[in-house]
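Report on the structure
Now for the letters of each chain:
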Amino acid sequence: MVRAAYTLFTAGPDGMTGNDDLGTMSAWYVFSSLGLYPTMSGANFLAVSSPQFESAVVHIGQFADRQGGTLTVTAPGVSDANRYVQSLSLNGTPVDKAWLGWESLARGGNLAHVVGEQPSAWGTAPGAEPPSVNKARPDQRTHLAASLRQATVVAPVGDGPQQAALALDVLGQAPVGLPVTVRTTAPDGWAVTASPASPFVLRSGRIPTQQTVSLSLTVPAGTPEGEYPVAIEVSAGGAEPVNRTATVALRPGTTCASVADGQCAVDLSKEVNHDGTASVSVPGEGNFDGSGWSYDAALLPAAGPVDWAGTRYAAPDPTGTAANFVEARGQGVLLPAGSHESLRLVSASHNGPVTVAVIVQYTDGTGVELPVTVGDWAGSAPDGTTVALELPHRIKAGQGVDGPPVRLFAQSLPLDPAKTVRSMTLPDDPRVELYAVTLR
């Protein structure tokens, strides 16, 4: 089969068979021509087959005292017809298996083949085949990892106690089960409860297994504005402990920029952090996509209420160098407290469409993760979204008007009307740019 595959390589335009990314197929050809090949990535052995040349010399690079030397591969009389290995020896010692451990080749030596025109019994005895990954020893490793889905949650400053929730994903692996303990350290007077309670067991059986731990925080009444750390330690016997820190930010409550027909157009003036607009006369004012292109400020709505498809939004100020988009950096955004059926977003992304998640928090401390697909500003509307506004061109720094047309996209996310919404946490992906938000 190796000999047959050689014929697929030619000097013509289509002479490289398969996908040669990173020289993969070229490396296959060189290895196979030597009669050696690593059948599994990262394995410590090489499978042996018939070389293509009567003699080849390989200089093995020096690496401390682990390797370095010259390997000579010989196969006198080898050819397309004379291609079957009759016997093999390494430094004069017979080799009966069809593979060699790397340690036997790491310092070089003489690998000598005897070849013939007919298949032989060499390498065909039971157990002579190269090692199989399916026969590896059982994985005895113990490992622990943990990550917070949101590093920051926000809550309004208020006279009464406030509730917040964090989602902690714990991933573990062990030969059987892995008992896990989650410990939290919060400011004095705060209460933190975890579900499931610690310790809990990840039933791994050598397979990485995940458990989401819900952390409910109660912030005492009268806690002043500020940012408060909550330290989280995840530990398990036989594994390195993992430490994470979440931040609870207490801020003054936000308001609706306008209220009409049951719609609250959210005031994002305290949240905008990125200037994504420019003008024909001053094309370098903004930089929406990080490469010098921006929306044309003259074609965007003026600051204030704007109606698109029956929903009223609060448009930011597009003029000058002031920020007018909320670039998603994993931050929490306070929302006016109220009961609503949907969260309406107007947004766009750059450098391709992006699928992420927005986490909505309710005042009872519960939260929900809502999938969101944000369309590329120069692309079409993804499923579940509509074009809120299309502009015929964009502005390029140092040039002015430039194609193609660009867009803002609208979409609706479902909320639980039986609960009072409090905040949302944006994804940590700066390609996502939020323009306006309305609660309906």
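Structure: see above.
Anyway, here's the lowdown on the structure attached to this text. (Residues numbered from 1 in each chain as written. Predicted model: local features only at pLDDT ≥ 70, side-chain atom pairs only at ≥ 80, totals over all residues. Heavy atoms only, no water.)

A short note on the environment of Gly177
Here Gly177 lies in strand 12 (residues 177-185). C-alpha of Gly177 to C-alpha of Arg203: the two residues are 26 residues apart in sequence and 4.4 Å apart in space. Leaving out residues up to four positions away in the same chain, Gly177 has contacts with Val201, Leu202, Arg203 and Ser204. (Helix = DSSP H or I, 4+ residues; strand = E, 2+ residues; numbered from the N terminus. Contact = heavy atoms within 4.5 Å.)

Here's the deal with helix 2 (residues 24-34)
Turning to helix 2, its buried residues are Trp28, Ser32, Ser33 and Leu34. Against helix 1 (2-6), strand 1 (36-37), strand 3 (55-63) and strand 4 (67-74) lie the buried residues of helix 2. Directly beyond the C-terminal end of helix 2, a positive phi value near 80° is found at Gly35. (Buried < 20%, exposed > 50% of the residue type's maximum accessible area, 1.4 Å probe, protein only.)

Re the sheet that holds strand 25 (residues 332-338)
Pairing within the open sheet is antiparallel, and its four strands lie in the order 25-33-27-28. If you trace the sheet from one side to the other, it starts and ends with strand 25 and strand 28 (367-374), each paired once. Each strand of the sheet is rotated relative to its neighbour by a mean of 25°, with strand direction disregarded. Taken together, the four bridges between strand 27 (residues 354-362) and strand 33 (residues 421-425) define a ladder with antiparallel strand orientation. What sits directly across from Ile359, in strand 33, is Thr425. (Pairing = 2+ DSSP bridges. Axes fitted to C-alpha atoms, helices over the stretch in contact; angles between N-to-C directions.)

Looking at the nonpolar core
Buried together is how nonpolar side chains tend to be arranged in soluble globular proteins. Grouped together as the largest cluster of nonpolar side chains are 30 residues, with contacts concentrated most on Leu144, Leu168, Val170, Val180 and Val234. Taken together, the elements giving at least two residues each to this core come down to strand 9 (143-148), strand 10 (152-156), strand 11 (162-173), strand 12, strand 14 (200-203), strand 15 (209-219), strand 16 (226-236) and strand 17 (242-251). Top contributing element to this core by residue count: strand 16, with five residues. Val234 has contacts with Leu144, Ala146, Leu168, Val170, Val180, Thr181, Val182, Pro241 and Val242, leaving out every residue within four places of it along the chain. (Core = buried A, V, L, I, M, F, W, Y, C linked by side-chain atoms within 4.5 Å.)

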